[in-house]
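Here is what each chain is made of, one letter per residue.
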2 protein chains.
Amino acid sequence: MSAILSKTESWALFSLSAACTGILANTFHGEGEPLIVSLALSGLAFAFSFCLIRWLGPTFMRVGLKGKDMSKAKQIEIPETMGAICAVVYILAIIIFIPFPFYKYIVAATSGGGNKDVMFELNQVETGRLLHRFPHSKLASYLSAILSLQSVVLLGVGDDLFDIRWRHKLFIPAFAAIPMLIVYFVDFGVTKVVVPVPLQSYLGEIFDLGWLYYGYMASVTIFCPNSINILAGINGIEVSQSLVIAVLIALNDVLYLIPINARPHPATDSHLFSLYFLLPFIGVSLALWKHNWYPARVFVGDTYCYFAGMVFAVVGILGHFSKTLLLLFVPQIFNFLYSAPQLFGLVPCPRHRLPHFNARTGLLEPSTAQFKQPPKPLVDIALNILHKIGLLRIEKNPQGQIVSCTNFTILNLWLVWFGPMREDRLAMGITAMQTVVGLLGLLVRHKFALLIFRQDNLTV
Amino acid sequence: MSAILSKTESWALFSLSAACTGILANTFHGEGEPLIVSLALSGLAFAFSFCLIRWLGPTFMRVGLKGKDMSKAKQIEIPETMGAICAVVYILAIIIFIPFPFYKYIVAATSGGGNKDVMFELNQVETGRLLHRFPHSKLASYLSAILSLQSVVLLGVGDDLFDIRWRHKLFIPAFAAIPMLIVYFVDFGVTKVVVPVPLQSYLGEIFDLGWLYYGYMASVTIFCPNSINILAGINGIEVSQSLVIAVLIALNDVLYLIPINARPHPATDSHLFSLYFLLPFIGVSLALWKHNWYPARVFVGDTYCYFAGMVFAVVGILGHFSKTLLLLFVPQIFNFLYSAPQLFGLVPCPRHRLPHFNARTGLLEPSTAQFKQPPKPLVDIALNILHKIGLLRIEKNPQGQIVSCTNFTILNLWLVWFGPMREDRLAMGITAMQTVVGLLGLLVRHKFALLIFRQDNLTV
């Protein structure tokens, strides 16, 4: 891969950067406008990551951060762990962003305006230029989110460098979540949840989960990064699914910001918080996507999967919409549950489960796990049933014993369903499915949540 | 180097950990006591870093993080960048510490005690069990300090991996300082300084430096890490100087906490803040020192130098005693100024300037820079003068032209003054000098500051 930008690319990136810098400079006139600043910074983050990914490829390869693309006829080596570049640019962007949503309150407080100014802002929140500012007390939670993201990047780079064992790396996100959870504890400490209507006669309207709530948050932070990390293995799939999830969360956030009511929605702040974290993420991910899509010029590394998952966990938890978040993770949840028989050792699990590349046709086929001895009776029955309902393909020897089955990942299942296809077709299929399922999830969230909750917080 | 702990070491570390865990568990009874928690966590941080440094050595070497010890007869390869382990343990320790100084205020606020409890604390601050708590508003600045430290570690690891060019790596600490400076801007925004008495007739008692103050803070953060990084090259010297500086700052902090007056000192909070950051630093550094002292079993890497310097910059800036801090950096300042002729190219600068190891005697001798052509007349005169006053040693050819001079580092100068010596003697000498100069600096700070300032803030 050439490490220099083409002339067209240089000009496009330069124009984008200039435009974003112009927008940024303009926000210093008047009151400033955090949401516009966030958009401009995201544009700059895209341009920076794009250049750095291109330029630093050879450097990464020199120190051994490189890998072979298994699903190509010509297995050349390309740079690995390039997600770390995106993550560093992203973190810099959200740090530089800090003064924009937080500064104005200080001015109000020190100029003697005090509460009066703050009231004024609340009234104007949906129309005025003061839109989208945060109370200063949110700063600690914003900083804790950055700390958690930075921790996951630091540990992710460690993982990519040292190739940490599977059962250890599962807990990397849990370690990284510590700053966020500790500041949550010190700062809000809200551990109460709204009880669904059918259960309210037993538990009351609001139930305090106490320490369990921290366990729940830790689980979300462990689940999101790892679930992205196991839906991986073909060009572009990690970034594509992350982009779809990010865009859908952002879409959901925007629903809370459009002025459909006279009064601003009570959850406005939470969803702004989420947008401020997602926009630059979309920026850097697009730059990475461009290089990681088929045929890949770089690999993203575990770092990117952890980082992306952590961004989602952070906005879901601190924005208080973790249940909605999980609706967008349905394909990942399915993939995890579907993988369970292999992850927990009921079925043999080869070192790599990515689809098999057929060099003759140039297409991907389902990869298989070989049974050295026939499966136990119960497993045998289960595999036969899965085969019958089309959730698996098994092969039997003349004696009727199962000798192999396709690997338990959603990628292989897709190939079982739709036949061998080229790598990018597979990635497109999964991405489209993720989009459709996610949109359905949001529909469920906003249309049917009223069946079990007293109110949808969008229409409060 | 063996990667396992000896039986004695295991028992000692186990006992220490058990004792610290016991102390920690005890603080949950009653009111808790942040300073004691900090000490216990520092003990645990020492034990953890000690074990991890020992255990992870082979892993680091496997991925190429290793180096040859140039100043030994047998140049075996040993692990490099082990400072990163200390830094990660340290960051985990100061994150886990967060609830201890910050939680109680929340309880006071939510239990309806409100201001009354806070007043109670202020009254009892020097005697009661509520000693050493922070107002919640300090949380953001505490978190920003952690963010800056974590950034410097992330960038430092990048430097150790990719071997970034000298003129780029100078600015690594400046990048890492961004979160701290931005939160400073959003949070306090205090940029006023007390004017020395002789200048007060011109500038007034208090002078607002405005943006210059941010420039000053950025300079301090650039200076501290880099100055430690250039006083390096022999076993143990990086950690020793950092430990001396850390202990001296901690000593200065303690001066503000001992109850010499009836009322607590107004700067108590700042110096507690500093202690909370320094105690775990001393813990992890001792563990590293044990492995890095002559004969070194591991190298510390640039990561450690950046990390150590950043800890000092953070406590100096956020504790508002950066001038005092610089008094403790006198040897580093001298070393930097003394290095300037080589750093700025007036005198040839070889790739490595560390003292020369004489394999026959086993002693270190001053290393030299060779002049390919005679120096320019002015440089020639300057070098001759430095030679005369004993700040350099030059060699001339029969024509009287300078052909070589000792390298411009304090380590070589020490060898010029006291003759060749073994590596550990040199490190001990420099460390002792650092201690004496630092103590003198503190004496100057507290005894003579009154000559140019109206009051020493210790005796307010």
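Residues numbered from 1 in each chain as written. Chains lettered and ligands numbered in written order. Predicted model: local features only at pLDDT ≥ 70, side-chain atom pairs only at ≥ 80, totals over all residues. Heavy atoms only, no water.

A UniProt comment under Catalytic activity (unreviewed entry) is attached to chain A, and it reads "a di-trans,poly-cis-dolichyl phosphate + UDP-N-acetyl-alpha-D-glucosamine = an N-acetyl-alpha-D-glucosaminyl-diphospho-di-trans,poly-cis-dolichol + UMP". Here chain A is described in UniProt, under the heading Pathway (unreviewed entry), as follows: "Protein modification; protein glycosylation." (UniProt positions renumbered as here; feature names shortened; annotations may be inferred.)

A. Highlighting the pairing of strand β9 (residues 402-406) of chain A. Residues and elements named next belong to chain A. Burial analysis of β9 places 4 of its 5 residues in the buried class, the great majority of the element. Looking at chain direction, strand β8 (residues 394-396) and β9 are connected through 3 bridges and run antiparallel. Its bridge partner lying in β9, glutamate 395 is registered against serine 404. Hairpin connection from β8 to β9: 5 residues lie between these consecutive antiparallel strands, with glycine 400 at a positive phi of about 85 degrees. (Buried < 20%, exposed > 50% of the residue type's maximum accessible area, 1.4 Å probe, protein only. Helix = DSSP H or I, 4+ residues; strand = E, 2+ residues; numbered from the N terminus. Pairing = 2+ DSSP bridges.)

B. Molecular detail of helix α6 (residues 139-162) of chain B. Residue and element names in this part refer to chain B. Look at α6: 34 Å from first C-alpha to last across 24 residues, which is about the 34 Å you get at 1.5 Å a residue. Buried residues dominate α6, accounting for 23 of its 24 residues. Among the residues trailing α6, aspartate 163 stands out with phi positive, at a value near 55 degrees. (Expected span 1.5 Å × (residues − 1).)

C. Structural view of the interface of chain B and chain A. With 35 residues of chain B in contact, the opposing surface of chain A contributes 35 residues. Ranking the residues of chain B by area buried against chain A places Leu154(B), Phe162(B) and Val186(B) at the top, with a combined share of 21%. Our count for the chain B to chain A interface comes out at 0 salt bridges. The tally of links from chain B across to chain A stands at 2 residue pairs in polar contact (both at pLDDT 80 or more). Looking at the side of chain B that touches chain A, the elements that each hand over two or more residues are α2 (34-62), α3 (83-96), α4 (99-110), α6 and α8 (172-187) of chain B. With 12 residues, the single largest contributor to the side of chain B that touches chain A is α6(B). (Contact = heavy atoms within 4.5 Å. Buried area = accessible area lost by both parts, 1.4 Å probe. Salt bridge = Lys/Arg side-chain N within 4 Å of Asp/Glu carboxyl O. Polar contact = N/O pair within 3.5 Å; in protein donor to acceptor, adjacent residues only side chain to side chain.)

D. Molecular detail of the packing of helix α11 (residues 237-257) of chain A against helix α13 (residues 301-318) of chain A. Residues and elements named next belong to chain A. Contact geometry for α11 and α13: axes closest at 10 Å, N-to-C directions at 15 degrees. Judged on the interaxial angle alone, α13 and α11 are roughly parallel. You can see that α11 and α13 cross each other, and the crossing is left-handed. Each of Glu238, Val239, Ser242, Ile245, Ala246 and Ile249 in α11 lies in contact with α13, whose residues at this interface are Tyr304, Cys305, Ala308, Phe312 and Val315. Its residues assigned to classes, the contact of α11 with α13 shows 9 nonpolar, 1 polar and 1 charged. (Axes fitted to C-alpha atoms, helices over the stretch in contact; angles between N-to-C directions. Parallel < 35°, antiparallel > 145°, perpendicular 65-115°, else oblique. Left-handed = near helix turned anticlockwise from the far one by under 90°. Nonpolar A, V, L, I, M, F, W, Y, C, P; charged D, E, K, R; others polar.)

E. Just the domain arrangement of chain A, in detail. Residue and element names in this part refer to chain A. By domain assignment, chain A separates into domain 1 (7-328 + 424-459) and domain 2 (356-421). Contacts between the two partners involve 13 residues from domain 1 and, on the opposite side, 7 residues from domain 2. Of the roughly 940 Å² buried at the junction of domain 1 and domain 2 (both faces included), carbon and sulfur atoms supply 88%. When residues of domain 1 are sorted by the area they lose upon contact with domain 2, Ser71, Leu426 and Ile430 head the list and together hold 45% of the total. Run the count over domain 1 and domain 2 and you get 0 salt bridges. Considering every element that reaches the side of domain 1 that touches domain 2, the biggest residue donor is helix α18 (residues 423-448), with 5 residues. In terms of residue class, the side of domain 1 that touches domain 2 is built from 9 nonpolar, 2 polar and 2 charged. (Domains from an automatic or database assignment.)

F. Fine view of the sheet that holds strand β8 (residues 394-396) of chain B. All names here are of chain B. With antiparallel pairing, 3 strands are arranged side by side in an open sheet as β7-β9-β8. Strands at the two margins of the open sheet, each flanked by one partner only, are β7 (368-370) and β8. Each adjacent strand pair in this sheet contributes to an overall mean axis angle of 20 degrees, direction not counted. The pairing of β7 with strand β9 (residues 402-406) spans 3 bridges and is antiparallel.

G. Layout of the pattern of salt bridges. Residues and elements named next belong to chain A. Taken as a whole, this structure holds 14 salt bridges over all chains when the rule is applied. Salt-bridge contacts for lysine 72 lead to aspartate 69; the nearest nitrogen and oxygen are separated by 3.0 Å. Across this residue pair, the class does not change: lysine 72 and aspartate 69 are buried. By sharing partners, the salt bridges in this structure join Asp69, Lys72 and Glu423 into a single network.

H. Layout of the packing of aromatic side chains. Counted under the stated rule, the structure contains 58 aromatic pairs over all chains. With centroids separated by 5.5 Å and ring planes inclined at 10 degrees, the aromatic side chains of Phe334(A) and Tyr338(A) adopt a geometry described as stacked. Of the two residues, Phe334(A) and Tyr338(A) both sit in helix α15 (residues 330-343), 4 residues apart, roughly one turn of that helix. What makes Tyr338(A) buried here is its relative accessible area of 8%. Considering the side-chain rings of Phe281(B) and Tyr304(B), the 6.2 Å spacing of their centres and the 15 degrees angle between planes classify their relative orientation as stacked. (Phe/Tyr/Trp six-rings, centres within 6.5 Å; stacked < 30°, edge-to-face > 60°.)

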